[in-house]
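# Overview (structure and organization)
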Amino acid sequence: MGKFGSRSIAFRPKASASSARHPPTKYWNGPFRFFDLPPELRDHILKLILLDWDSTSKDAVHLFLTNKRIYTEAASIFYYEVLLDNMHLKGTADPFLAGSLTAVTPRLHVRNLIIRFLMKEQMYLFGEVYGTALQEMASRGKLQSLRLEIGSRFPCYEFWGYEDELFVYDNIRVVAEKWKGMVISAPLFVTKEPFQNFLKFLEESKIPKIRLFVDAEDHSKFWCMFHRPHPSGKKCEGEWRGNAKVLKIQWSSLVKALKGAKAVAPVQKDC
Ligand SMILES: [Zn+2]
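The structure presented is a predicted model; accordingly, all values stated were derived computationally and were not measured.

### Re the overall build of the chain
- Assigned secondary structure in the chain consists of 11 helices and 8 strands.
- Residues classed as buried in the chain amount to 37% of the 271 residues present.
- Taking the intrachain contacts of the chain between residues at least 6 apart in sequence as the baseline, contacts between residues at least 24 apart amount to 68%.
- Within the structure as shown, the chain displays about 17200 Å² of accessible surface, and the carbon and sulfur contribution to it stands at 56%.

The following block contains the structure:
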């Protein structure tokens, strides 16, 4: 006797000639048409491929290269939220925000963007390449929300002076209407182009929602004037007592107070 397996194959009934000639018509047996699926199903399938930990980056690359329409749908999922942690970059722009736009530039698909950057080294980019890229992402792309984190933990030593001329801690005359003529203590840096252009970027931006944070460790008299108060309502008087790692800055007050701010001249120095 032959083996059970081969016997079972041998005795398997053959498809009848008639059913071979007339396949059931209720099933579509042409090519699988992905775009005939409803959008929510396509979305679900693309998420399984792109966001599943088991997928390899090759799966994503193949998907992106399929065609333009799939690229667009996949990119909206893949780039929905992007974090650019640029704490390691010194004076250079992140490649993600640099370079000219094409129809498949990834940054056009970003909806929520978070940028962590160093104040001293990178703030100037908002008056240049970042400013342009971010406005395009809002006007031509999908950018809805921008979260900026000045995460420099700029040591007081560096930020407040001694090291170079720009960062000398000085008396600055604020320009906000409600504080007219008031003099505050701030680094001279806030009167200089990189900081001033950053304020201009915030003010003129078309991005629907911008939030600005500073590292709570960088708390100082200067940021104290502009951060959101502690939920308890207690004044922190220059020393942040909350647990939050970052402090939310009320950037519209920052812009009003410091746009066009000048150092009080002549600078009085004690001998
Ligand atoms: Zn404070």
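Here the narrative resumes, following the displayed structure.
### Some remarks on the sheet that holds strand 3 (residues 145-150)
- The strand order 1-2-3-6-7 describes an open sheet built from 5 strands, whose pairing is mixed. Strands at the two margins of the open sheet, each flanked by one partner only, are strand 1 (81-85) and strand 7 (246-249). Averaged over neighbouring strand pairs, the angle between their axes works out to 20° when direction is ignored.
- When strand 2 (residues 112-117) meets strand 3, the two strands line up parallel, connected through 6 bridges. Bridge pairing links Asn112 to Ser145 in strand 3.
- Relative to strand 6 (residues 209-215), helix 11 (residues 251-258) is tilted by about 80°, and along the sheet it contacts strand 6 and strand 7.

### Description of the environment of Tyr80
- Structurally, Tyr80 can be placed in the loop between helix 5 (68-78) and strand 1.
- Residue class for Tyr80 comes out partly exposed when judged on its relative accessible area of 41%.
- A sequence separation of 30 residues divides Tyr80 from Val110, and the C-alpha atoms of the two residues are 5.0 Å apart.
- With residues up to four places along the chain from it excluded, the contact list for Tyr80 reads Ala75, His109, Val110, Arg111 and Asn112.

Reading guide: rules and limits
- Residues numbered from 1 in each chain as written.
- Predicted model: local features only at pLDDT ≥ 70, side-chain atom pairs only at ≥ 80, totals over all residues.
- Heavy atoms only, no water.
- Helix = DSSP H or I, 4+ residues; strand = E, 2+ residues; numbered from the N terminus.
- Buried < 20%, exposed > 50% of the residue type's maximum accessible area, 1.4 Å probe, protein only.
- Contact = heavy atoms within 4.5 Å.
- Areas by Shrake-Rupley, 256 points an atom, 1.4 Å probe, with all protein chains shown as cover.
- Pairing = 2+ DSSP bridges.
- Axes fitted to C-alpha atoms, helices over the stretch in contact; angles between N-to-C directions.

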